[in-house]
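Structure assessment
Here's the letter readout for the chains.
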Amino acid sequence: MKLNGAKILLESLKREGVKHIFGIPGGAIINVFDELYKQKDLKFILTRREDGATFAAEGYARSTGKVGVAFVTSGPAATNTVTGITNAYMDSVPIVVFTGQVPTNLIGNDAFQEADITGITRPCTKHNFLVKRVEDLAETVKKAFYIASTGRPGPVLVDLPKDVQTDEAEFNYPESVSIRGYNPTFHGNPRQIRKVARIIAEAKKPLLYVGGGVISSGAHKEVYTLAKKLCIPVFTTLMGIGAFPETDELSLGMAGMHGTYRANMAIQHCDLLISIGARFDDRVTGKLSDFAPHASIVHIDIDPASISKNVKVDYPIVGDAKCVLQEMLPLFDEYEKDWKEIRKPWLEMIENWKNEHKLAYVRDGKTIKPQYVLEKLYQLTKDIYPIIVSDVGQHQMWVAQFYTFTRPRTHLSAGGLGPMGFGFPAALGAQVANPDRMVINITGDGSFQMSMQELATAVESRLPVKVVILNNGFLGMVRQWQQLFFGRRYSGTDISVQPDFVRLAGSYGIDAFRLEEEKDVEEGLRKMLDCSGPCVVDVRISREENVYPMVPAGAPITHMLLV
Amino acid sequence: MEYIVSLLVENKAGVLCRIANLFSGRGYNIEMLNVAPTMDPSLSRMTIVTSGDERVLEQINKQLNKLIDVVKVVEYRGRPYVEREMALIKMHTDASTRAEVLRIVDIFRANVVSVARDSYVIEVTGDSGKINAILNLLEPLGIKELARTGKVAMTRGG
Ligand SMILES: Cc1ncc(C[n+]2csc(CCOP(=O)(O)OP(=O)(O)O)c2C)c(N)n1
Ligand SMILES: [Mg+2]
């Protein structure tokens, strides 16, 4: 039986197991929306901007590992997705974005709402497609999902001209695809795995460097086993938070620019750095020539191009972290060593750093300190493992530092691109995927103003996301740099002219209230957590609080400004 | 360091753009570029001449391999290979220079492929050293136009 392209698209998505789609309609994708209206298996969540749709698709993907999907129209809608797509690219998040396009015979004519979106997104997608014939549509969808979700995951865009949506073709969904230029490696080289196992077993002061790749590959259990078995301390990147329980005695927390003293000192002194699913980002390494000066480096990563990109790696293994570790772990049984005893001196050094320069802040008993809010929030929610979604700025770093994460996919943060406005829509997407979980967006007054139009989405789609605005009346992270490095010239960072967030949320019919004193924080958070629907809490925090420790950009990571 | 890399790529729209994007986005320079279909019409061979230190070259290689439309990356470093380039050179000629131009053409085993009243078009094939050498000699005699194909390369033996 012949189906039109719009229907073929939806049928294909169902075969891929898609349940939810985020987006906004328009003329060039109206036929797809018409088919969407006629069916019940795919649930559509209408966002209020297309960047909200892509961020929501990312929140969906980041919280589950499943591919997030968005539908938008051509031209301005397509260009509105570029930030979300770039964000997914930087953080290796699997999403597929379908954009409407003008009919094939008008492409290239500067038709109304035409944008060369495949051209625009070429550098920020893992791959993209312009479908020119309805006969190619089903196979293209199959390829798009395959590419987005395998290897190093990433965003794929599929551009759908209007005539491809209306033309008809036989629907045959391919069982599998093979793409001759795309063969992701999953299994590491066995000889190299054996060699690396020996190097790890022989190291005196090994250190695990755990990135987001451990979460996307689902290798957190294997990492835990490795660390515990050989008594190896662990630090994570921002993206790796949750891959190793921060409550464990081997956890050093996050390293890097705003990392812990103990993690950065451990990097400085280790003799073997074992990086798994991380990419030696400058926010972690600081000045490269001073990074891990005494260490040999092992790097396990699915992306060969990540290896030796920034730092020369001594022992590379290309492969999926989980597969590689599963093959490596049994090899340690050959060593009859008392790891606890061997590790004693190294763990003692670390213990000393742990007790120096702990993450700290100063309370005055009255003004609300953001760090206090996050510590309280952790105490109140630690048994329910909520999904905490950060936005971008100081509050993002405070979340990473002061909330304690113990499970993967419970900390969603835009690490690579850092687009303000990510948090709230991403939290909505995470809530769609996890209807029974508590989802909390920690945002800033600046970031929230970049996505607060999505309050309507929360109401309409009944998404009980909790929003905590850590409101300092500043674009705080930039203000902090101005204070420390630009003689306190607060150029363009004072945002004390702002809406009354409580009344704003109220106008959508959303529960909202304000907290202004430390003594009210605990009760306020409880009230928020008890809310059955969405809730917005405007927390007035001390305005000029800074994120410490801080390593100035370009300095060695041991040059830390401390509280 | 000069570096020649040859790619087998899908022969379809936008592929050249992806590769050019990769070079410009990551700050690498393309010094020469040559593209044409292979015996299998669904594939093109692309030969790119670029430069950089060891680390940059390794990255270029890996990043190219990551592109879905790149089916194979062949690099020639450390392997015996032949490279050739062709140039078409339009020479301004008159009675005083014609003989000298023809002598040079002869020495380099080049060909005159078009003759007009006041110009020749010369075709020369060889490695870059040879092309540069003939250009050096012809230049004082009046080169009007130059078109070079960029290098193509192939490994020697099986
Ligand atoms: C879209 C976008 N624009 C600008 C920036 C630069 N920037 C980084 S953090 C920040 C301030 C964020 O302010 P707010 O959300 O209030 O968070 P705070 O730092 O105050 O906690 C800005 C402007 C950015 N990351 N993203
Ligand atoms: Mg702020």
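Cut-offs applied
Starting from 1, residues in each chain are numbered consecutively following that chain's sequence as written. Chains and ligands are labelled by the order in which they are written, letters from A for the one and numbers from 1 for the other. For a predicted model such as this one, the threshold for reporting local features is a pLDDT of at least 70, and the threshold for listing and counting side-chain atom pairs is 80 or more; totals across whole chains, interfaces and linings nevertheless cover every residue. Side-chain metrics rest on all non-hydrogen atoms present in the structure, leaving aside hydrogens and water. A run of H or I in DSSP counts as a helix once it spans at least four residues, and a run of E counts as a strand once it spans at least two, with each numbered from the N terminus. As a reference, a globule follows 2.2 Å times the number of residues to the power 0.38, and the radius of gyration itself is taken over C-alpha atoms. Note on exposure labels: buried denotes an accessible area under 20% of the residue type's maximum, exposed denotes more than 50%, and partly exposed covers the range between, all computed with a 1.4 Å probe on protein chains only. Residue contacts are defined here by distance: any two heavy atoms, one from each residue, within 4.5 Å place the two residues in contact. As used throughout, the charge tally considers Lys and Arg to be positive and Asp and Glu to be negative, leaving His and the chain termini uncounted. Charge positions come from single atoms, namely NZ of Lys, CZ of Arg, CG of Asp or CD of Glu. Computed with a 1.4 Å rolling probe, the buried area is the accessible surface lost when two parts are put together, summed over both parts. By salt bridge we mean one thing: a side-chain nitrogen of Lys or Arg within 4 Å of a carboxyl oxygen of Asp or Glu. Each polar contact in these results corresponds to two N or O atoms within 3.5 Å; when the atoms are within protein, one needs to be able to donate a hydrogen and the other to accept it, and residues that are neighboring in sequence are counted only if both atoms are side-chain atoms. The residue classification treats Ala, Val, Leu, Ile, Met, Phe, Trp, Tyr, Cys and Pro as nonpolar and Asp, Glu, Lys and Arg as charged. All others, Gly included, are polar. Any two strands are treated as partners once DSSP identifies two or more bridges connecting them. The convention used is that axes are lines fitted to C-alpha atoms, helices contributing only their stretch in contact, and that angles between N-to-C directions extend from 0 to 180 degrees. The span one expects for a helix is its residue count, reduced by one, times 1.5 Å. Fitting axes to the seven residues ending at a residue and to the seven starting there, one defines the bend at that residue as the angle between these axes. In this text, buried Ala, Val, Leu, Ile, Met, Phe, Trp, Tyr and Cys residues form a nonpolar core when linked through side-chain atoms within 4.5 Å. Each domain's extent is set by a domain assignment, obtained either automatically or from a database.

**Re the overall build of chain A**
Of regular secondary structure, chain A possesses 23 helices and 20 strands. For chain A, whose C-alpha radius of gyration is 24 Å, the value lies close to the compact-globule estimate of 24 Å for 563 residues. Dimensions of chain A, computed from C-alpha atoms along their principal axes, come out at roughly 70 × 60 × 40 Å. Among the 563 residues that make up chain A, the fraction classed as buried is 61%. Expressed as a percentage of contacts within chain A between residues at least 6 apart in sequence, the contacts between residues at least 24 apart total 77%. Distance between charge centroids for chain A: 2 Å, based on 63 positive and 64 negative side chains.

**Concerning the interface of chain A and chain B**
Across the boundary between the two partners, chain A contributes 18 residues, which contact 20 residues of chain B. The three residues of chain A that bury the most area against chain B are Arg122(A), His127(A) and Arg180(A), which together make up 39% of that side's buried surface. Where chain A touches chain B, the interface holds three salt bridges. Note that Arg180(A) is salt-bridged to Asp40(B), the shortest N-O span being 3.9 Å. One can count eight residue pairs in polar contact (both at pLDDT 80 or more) joining chain A with chain B. Classifying every residue of the side of chain A that touches chain B by side-chain character gives seven nonpolar, five polar and six charged.

**A short note on unusual backbone geometry**
Most peptide bonds are trans, and most residues other than glycine sit at a negative phi. Residue and element names in this part refer to chain A. For the bond from Tyr 548 to Pro 549, the omega torsion is -5°, close enough to zero to count as cis. In this structure, Pro 549 sits in the segment after strand S20 (535–540). The backbone phi angle of Ser 92 is positive, close to 55°, even though this residue is not glycine. Here Ser 92 shows up in the loop between helix H5 (82–90) and strand S5 (95–101).

**Considering the sheet that holds strand S4 (residues 70–75) of chain B**
All names here are of chain B. The four strands lie next to each other as S2-S3-S1-S4, forming an open sheet whose pairing is antiparallel. At either end of the open sheet lies a strand with only one pairing partner, and these are strand S2 (30–37) and S4. Taking the axes of each pair of neighbouring strands and ignoring which way they run, one obtains an average angle of 20° across the sheet. The sheet contact formed by S2 and strand S3 (residues 43–51) spans seven bridges and is antiparallel.

**Things to note about helix H15 (residues 339–355) of chain A**
Residue and element names in this part refer to chain A. With 17 residues, H15 extends 23 Å between its outermost C-alpha atoms, agreeing within 8% with the 24 Å of an ideal straight helix rising 1.5 Å per residue. Where H15 bends most, the angle comes to about 45°, and this point is Pro 345. In the core, the buried residues of H15 are packed alongside helix H9 (190–202), strand S9 (206–210), helix H11 (220–230), strand S11 (251–254) and helix H12 (261–269). Once H15 finishes, His 357 follows within two positions and takes phi at roughly 45°, a positive value.

**Remarks on the nonpolar core**
All names here are of chain A. By size, the foremost hydrophobic cluster in this structure holds 44 residues, and its most contacted members are Phe 22, Val 389, Phe 424 and Phe 448. Residue assignment for this core shows that the elements contributing at least two residues are helix H3 (50–64), H5, S5, strand S15 (387–390), helix H18 (423–433), helix H20 (455–460), strand S18 (466–471) and helix H22 (501–507). Take this core: its biggest share by element is seven residues, from H18. Residues lining this core come from more than one domain, with at least three contributed by each of domain 1 (2–170) and domain 3 (370–540). When residues no more than four places from it in sequence are discounted, the contact partners of Phe 22 are Phe 44, Ile 45, Thr 47, Ala 53, Ala 56, Ala 57, Tyr 60, Val 69, Ala 70, Phe 71, Gly 429 and Val 432.

**Examining helix H7 (residues 137–149) of chain A**
Residues and elements named next belong to chain A. Relative to the 18 Å expected for 13 residues at 1.5 Å per residue, H7 spans 18 Å between its end C-alpha atoms, a close match to the ideal helical length. Buried within H7 are the following residues: Leu 137, Ala 138, Thr 140, Val 141, Lys 142, Ala 144, Phe 145, Ile 147 and Ala 148. As for H7, its buried residues are in contact with helix H1 (5–15), strand S4 (68–72), S5, strand S6 (127–130) and strand S7 (155–161). Trailing H7 by a residue or two, Gly 151 shows a phi angle of about 60°, which is positive.

**Describing the domain arrangement of chain A**
Residues and elements named next belong to chain A. Structurally, chain A comprises domain 1 (2–170), domain 2 (190–356) and domain 3 (370–540). Each of domain 1 and domain 2 has a C-alpha centre, and these two points are 38 Å apart. With six residues of domain 1 at the contact, the number on the domain 2 side is six residues. Counting each side, the surface lost to burial between domain 1 and domain 2 is near 490 Å², with a carbon and sulfur contribution of 54%. Scanning the region where domain 1 abuts domain 2 turns up one salt bridge. The closest approach of N and O atoms between Arg 152 and Asp 303, which form a salt bridge, is 2.7 Å. The interface formed by domain 1 and domain 2 includes two residue pairs in polar contact (both at pLDDT 80 or more).

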